[in-house]
Amino acid sequence: MRVKSRWTCAWSWLASVLLALGLSGTTTWAASSGDFVTTDTRFWVDTTGRATIEDVARVPADAIQALERPRSFEIDRGALWLRYPLPALDPARRWYLVLEGGAFTNRATLYTPTADGQWRPQEAGDHLPVSSWSHPDRMPVFTLEGSAGTVVWLRLENHPAPLSPSLRLQDERDLQLARDRSLLSLGIYLGFGLLVLFLGWVHVRLYGDRVFLAYVAYVTCMLGFQIAFTGLGGLFFWPNLPRWNDAAPALFMLWLTGAGIWFVREVSALSRHSPRLYRLATVWSLFGFTYPILYFFFLSPAAFKLLNLYGLLSVLLSFALCIWAWRKGEVYAGWIALGFLPLHLAYPFPALRSAGVLPDSWATQYAVLIGSALEIPLLLYILHRRAKDFNENRARMRVIDSTDPLTGLTALPVLLVRLHDAIRRARRSRQECALVLVELSNHAEIVAAEGRLMGDRALVVAASQLSSVVRDIDTVCRVSNTRFALLIEAPYRSALLAVLAQHIIAKGLAGAHPVPLHLSPRFRVVTLALPDRSGSAPIAEEMDVEQMLQRLHRALDRLEPKKVVLHLPLPTPAPAPAAASAQTA
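Since we're looking at a predicted model, the values are computed, not measured. (Residues numbered from 1 in each chain as written. Predicted model: local features only at pLDDT ≥ 70, side-chain atom pairs only at ≥ 80, totals over all residues. Heavy atoms only, no water.)

With that out of the way, let us pick up the packing of aromatic side chains. Given two aromatic rings, one states the distance between the centres and the angle between the planes to describe the pair. According to the stated counting rule, one finds 19 aromatic pairs in the structure shown. Arranged with centres 6.4 Å apart and planes meeting at 70°, the rings of W81 and W153 form a pair that is edge-to-face. Here W81, found in strand 4 (residues 79-85), pairs with W153, found in strand 9 (residues 151-157); they are 72 residues apart in sequence, far enough to count as distant. Of the two residues, W81 and W153, both sit in the buried class. Arranged with centres 5.9 Å apart and planes meeting at 15°, the rings of Y207 and F212 form a pair that is stacked. For Y207, a relative accessible area of 18% translates into the label buried. Among the aromatic residues, those joined into a ring-pair cluster are W284, F287, Y291, Y295, F296 and Y310. (Phe/Tyr/Trp six-rings, centres within 6.5 Å; stacked < 30°, edge-to-face > 60°. Helix = DSSP H or I, 4+ residues; strand = E, 2+ residues; numbered from the N terminus. Buried < 20%, exposed > 50% of the residue type's maximum accessible area, 1.4 Å probe, protein only.)

As structure tokens, this is what we get:
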């Protein structure tokens, strides 16, 4: 079993690593195809957000600054204008300007000049249905037309999050390849996540553990966040719901964080170790589930900064709680902390990008995706090992109530139930079963010669010997200090009881370690074939299994010391009153 679990762990790690490598490879290729032209642009910030393209075109050249490196802009309800002069483009190919990481940009509008001196807008962004974008995709895509030196303007607005534009110039072929490969990698991730989610539900029903319920909620929120954050949701699942498309990333991020703290609270058993920390984790988790109401009501930069602060502090809190619980003796809490590590290391990249500290990059877009691809299967495997160990412990506790503590044999109440059912089945199938009572007759002699410890060992040896002479379907039970009952299930022939009794006696005389040979177990046996085929015993009397067992005890008590085997007949009913009167006369 240990070798099998090691192979299972190895396969889980290998599958997670291969998925992460596949995601990183395809997303890296998609991000590297084409030319990044962000630093070729110049920018102007419209603090009011009301300037039109005609107003911006008349802005003095010295007021438009060069964008020397990718950076973030906190413009609140204003707008960012990017001026991009087109390079010399191959007229045989169609060219596109792609706004990387723009799946969560409120509105992006590209203005290109027309032959009559007007401006042609192309629109995209969260505030518009994706189905109405000029080029529906995961992120804003715009067609470029014109000769070298033609100036196009890109207007961006995003509230309350900062703007961090990243522009890439691609031809039609590169755009399609990048689109196909990114959708393939995201589809693999989503399918893998749904498989893990299904396995989580299986474990919920299998073990009935609240930890798995919290894990399922966590994985569900993780998948929802990735669908919204990467733009898959707007493209495939809610293309006509702009408000939901705009709110989904923040909403799922908060729910994901709240579910993560709930999961840590359950797996760390905080209620057992510290009621205060348990209440803190509960309040912190509930804050994540309820804060979206306040966040979308105010929708201010301060509310957005509080959202990011909550996420970063939750990463630290979850790791700290797991380590604290591990130091308190919760072994699997330490493993859960290691399972969280890939996501904890990846989470700061998008969080710092949202806070305006980091510009848009491959890491800010896909770090959490790759980290969660490693994390969620590892967490499931750790939880599976935890549930398996806990379930084995519970099974052992349940067995204690139904087994003899010394010998490990079945307890008497279980024997009585099985005996009743065996007789009923034998009657229905017209077959035979039997009940055998065996006594270790020299137990007192062993205790007197070798002590109580050797006497207990002799009982264990006797239990082992008796178990070896019956079938797997039969039951061996210790019914008193030195007596054992054997239930021989149907099908069985009563003629074989004599052979069984001789076998039991011979097995004891053969001796067994650690009992000394001169004190080998000596057995006395009483047998009873069941059920009655003659019709002399009433069914109600025969089904009284406790009375039947007492009858065997009385027979064994009256057995002569020199006699070691007794085969009992079924009880003969008392004569009818009429027959008794005739005999008296």
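Now for the nonpolar core. Counting 66 residues, the largest nonpolar core has Y215, Y218, F263, I336 and L383 as its most contacted members. Counting only elements with at least two residues in this core, the list comes to helix 3 (172-207), helix 4 (210-229), helix 6 (242-267), helix 8 (275-298), helix 9 (301-327), helix 10 (331-346) and helix 12 (362-400). When residues in this core are grouped by element, the largest group, 14 residues, is from helix 4. In contact with L383, not counting residues within four places along its chain, are V211, F212, Y215, F263, V267 and I336. (Core = buried A, V, L, I, M, F, W, Y, C linked by side-chain atoms within 4.5 Å. Contact = heavy atoms within 4.5 Å.)

With 36 residues, helix 3 should cover 52 Å at 1.5 Å per step; its first-to-last C-alpha distance of 52 Å lies within 8% of that length. Positive backbone phi, at 65°, marks G208, one or two positions downstream of helix 3. (Expected span 1.5 Å × (residues − 1).)

Looking now at helix 6. Over its 26 residues, helix 6 runs 37 Å from end to end, which matches the ideal 38 Å to within 8%, given 1.5 Å per residue. In helix 6, a bend of some 45° at A248 exceeds every other bend along the element, and P249, a proline, comes one to four places later. In terms of burial, helix 6 is largely enclosed, as 21 of its 26 residues are buried. One or two residues past the end of helix 6 sits A269, with phi positive at roughly 55°. (Bend = angle between axes of the 7 residues up to and from the residue.)

Two elements in contact, helix 4 and helix 6, have axes separated by 8 Å at closest approach and are oriented at 160°. Taken together, helix 4 and helix 6 sit at an angle that is classed as roughly antiparallel. Both helix 4 and helix 6 take part in a crossing whose hand is left-handed. Along the contact surface, helix 4 presents R210, V211, L213, A214, Y215, A217, Y218, C221, M222, G224, F225 and A228, while helix 6 presents A248, P249, F252, M253, W255, L256, A259, G260, W262, F263, E266 and V267. Split into classes, the residues belonging to the contact of helix 4 with helix 6 amount to 20 nonpolar, two polar and two charged. (Axes fitted to C-alpha atoms, helices over the stretch in contact; angles between N-to-C directions. Parallel < 35°, antiparallel > 145°, perpendicular 65-115°, else oblique. Left-handed = near helix turned anticlockwise from the far one by under 90°. Nonpolar A, V, L, I, M, F, W, Y, C, P; charged D, E, K, R; others polar.)

Pairing is mixed in the open sheet, where five strands are placed in the order 12-13-11-14-15. Since the sheet does not close on itself, it has two edges, and those belong to strand 12 (475-478) and strand 15 (565-568), each with one partner. Strand-to-strand, the axes of this sheet are offset by a mean angle of 15°, without reference to chain direction. Bridge analysis of strand 11 (residues 433-440) against strand 14 (residues 523-530) gives eight bridges, and the strand direction is antiparallel. Bridging from a neighbouring strand, A434 pairs with A529 of strand 14. Against the sheet, helix 13 (residues 412-429) makes contact with strand 11, strand 12, strand 13 (483-488) and strand 14, and its axis sits at roughly 30° relative to strand 13, the strand it touches most. (Pairing = 2+ DSSP bridges.)

Attention now moves to the pattern of salt bridges. For the structure on display, the rule yields 21 salt bridges. The salt bridge involving R478 is made with D404; its shortest N-O contact spans 3.3 Å. Placement of the pair is R478 in strand 12 and D404 in the loop between helix 12 and helix 13, with a sequence separation of 74 residues. Linked by salt bridges that have partners in common, E439, R483, R524 and D557 make up one network. (Salt bridge = Lys/Arg side-chain N within 4 Å of Asp/Glu carboxyl O.)

This part covers the confidence of the model for the chain. Here the chain averages 86 in pLDDT, while 87% of its residues score no lower than 70. Here residues 1-33 is modelled with pLDDT under 50, and outside its nearest four sequence neighbours on either side it reaches 45 contacts, counting other chains as well. Every residue in residues 572-585 is under pLDDT 50, and counting partners more than four places away or in other chains gives three contacts. (pLDDT = per-residue confidence, 0-100.)

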